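Each chain, letter by letter, is given below.
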Amino acid sequence: MSLTISTNYIKKFVSDEEISNLVPFAQQALKLVLNKNGAGNDFLGWVNLPKNYDKDEFKRIKIAAEKIKKNSDILVVIGIGGSYLGARAAIEFCKSPIYNNLKKDTPDIYFAGNNISTTALSELLSICEGKDISVNVISKSGTTTEPAIAFRVFKKLLIEKYGEDEAKNHIFVTTDKAKGTLKKFSDEAGYETFVVPDDVGGRYSVLTAVGLLPIAVAGIDIDKMMSGACDAMNKFTSDNINDNEAMKYAIIRNVLLRKGKGTEILVGYEPYMLMFNEWWKQLYGESEGKDKKGIFPASVIFSTDLHSLGQYIQDGQRNLFETVINVKNPGAKFVIPEDSANVDGLNFIAGKELDYVNKTAMIATLMAHNDGGVANILLELEDRSAYSFGYAVYFFEMACAISGYILGVNPFNQPGVEEYKKNMFALLGKPGYEDMRDELKKRM
Ligand code: PA5
């Protein structure tokens, strides 16, 4: 089993009865997901995706990944939100947060178009100088400002560098299959395209071409990733609470929310979890934060952040709980050396594995935070393999859908995201926004 849930560190805060009381609601929520009759039911393509994915496109993804590996030193992945977080999380989780610095036979991978920073774009362009580059632009709508600007820049660069014809071997477009201007434009320009399925929202799209192409370029086994997700699908579609950890996780977080714990901190003990945490924050933040409801998703990496946020978590406002992901097998071994000077007084742990110290820090922290009044849901993940990544992704997606329905929101829309865009377009002078612009100017 790749992921288990321990309730050892919530016992003081959540009773068995409180969990039992929410089981029928969770079962009802699961039914809404599986029977596709809840709010947002046109965005449930992710539910059966691990089995019902487009096998021909999957083959094309592998072929494109091989082509990019052969003809490129650098792959620039252009996308924002759900269009890049999953791929970046997978590459950092399965490979490394310093993937680009590793000795490897796969291209460096940089992410662009996820901000509007002049510095970030200029730095990336200078890194690309003299290198063979491919670009994978990922945008379901094809019109999101941040990736659209970056794509303009890199398309121009590639055409200048390779010429119109050869640039076609370096530009890969992942977008809506019919709607939108990017698909039409790419077909006309002769760029290879991949599909963001109609019924899969951005934050649920990591196991489509959105995530899989960059992940495959990094040399990660996408068959194993899908097989992990498939096993998770078989498990987390059961309505038996004793078999379904996703349902249990969804219930516990809702019980805690009802007790005033409005912030959830996802805790990793490995730096390679950082972007996974970011992916999770989007999944839960965009899915649940609406109608003035929701748990605020925050994240930390311990022990690093025990030296910055540890004080607050231990002793600050008691409106939070933690969900700790313990990756049981860290994938590497390191033994702490003996030091004859022993100035730090640490010779008592010389000869011990570093991971033993990390795991001990985790147990010590779980107990300390419990004593400080913080409930801790403990999730144990087997390892950092592609299989476990796929398994964990499906676990969190299903738990999020169930949790959102228990909460009484539509977990599949994100109407709030549009507000800043409207203001920005008005202030930038987009035609059609003139009245709004005048109003906003008065408020500046
Ligand atoms: O989850 C979502 O839907 C969003 O985060 C989108 O993925 C993000 O806004 C990017 O949109 P698009 O892929 O249309 O450029």
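Structure first, text after, so check above.
Cut-off values and rules
Residues numbered from 1 in each chain as written. Predicted model: local features only at pLDDT ≥ 70, side-chain atom pairs only at ≥ 80, totals over all residues. Heavy atoms only, no water. Helix = DSSP H or I, 4+ residues; strand = E, 2+ residues; numbered from the N terminus. Contact = heavy atoms within 4.5 Å. Expected span 1.5 Å × (residues − 1). Polar contact = N/O pair within 3.5 Å; in protein donor to acceptor, adjacent residues only side chain to side chain. Salt bridge = Lys/Arg side-chain N within 4 Å of Asp/Glu carboxyl O. Buried < 20%, exposed > 50% of the residue type's maximum accessible area, 1.4 Å probe, protein only. Near = heavy atom within 4 Å. Areas by Shrake-Rupley, 256 points an atom, 1.4 Å probe, with all protein chains shown as cover.

Peer 1: Explain the side chain of Ser388 here, please?
Peer 2: Note on placement: Ser388 falls in helix α13 (residues 386-407). Leaving out residues up to four positions away in the same chain, Ser388 has contacts with Ser2, Leu381, Glu382 and Asp383.

Peer 1: In this structure, what is going on with helix α2 (residues 55-71)? I would like to understand it.
Peer 2: With 17 residues, α2 ought to run about 24 Å at 1.5 Å a step, and its terminal C-alpha atoms sit 25 Å apart, in line with that. Looking at the buried positions of α2, the neighbouring elements they touch are β2 (74-78), β4 (133-139), β5 (171-176), β6 (192-196), α7 (209-217) and α8 (222-236). A side-chain oxygen of the first residue of α2 lies 3.0 Å from the backbone nitrogen of Asp56; this N-cap is Asp54.

Peer 1: Is there a simple way to explain the pattern of salt bridges in this structure?
Peer 2: It is possible for side chains of opposite charge to pair when their charged atoms get near one another. Taken as a whole and assessed by the stated rule, the structure comprises 24 salt bridges. A salt bridge links Lys183 to Asp187; its shortest N-O distance comes to 3.2 Å. In this pair, Lys183 and Asp187 are both assigned in helix α6 (residues 181-189), four residues apart and thus about one turn of the helix distant. According to the relative accessible area criterion, Asp187 is partly exposed, its value standing at 44%. One salt bridge in this structure joins Glu382 and Lys328, with 3.5 Å as the shortest N-O distance. In this pair, Glu382 sits in the loop between β10 (376-381) and α13 while Lys328 sits in the loop between β9 (320-327) and α12 (354-371), placing the two residues 54 residues apart along the sequence. Its relative accessible area of 32% is what places Glu382 among the partly exposed residues. Residues joined in a network through salt bridges with shared partners are Glu57, Arg60 and Glu192.

Peer 1: Where do I start with the site of the ligand in this structure?
Peer 2: In the region of the ligand, 13 residues are neighbours, and Ser83, Ser139, Ser141, Thr144 and Gln282 sit closest. The contact in question runs from an oxygen atom of the ligand to an N or O atom on the backbone of Gly82, over 3.1 Å. Between Arg203 and the ligand, the recorded distance is 3.1 Å, taken from a backbone N or O atom to an oxygen atom. The fraction of the free accessible surface of the ligand (380 Å²) that becomes covered by protein chains is 88%.

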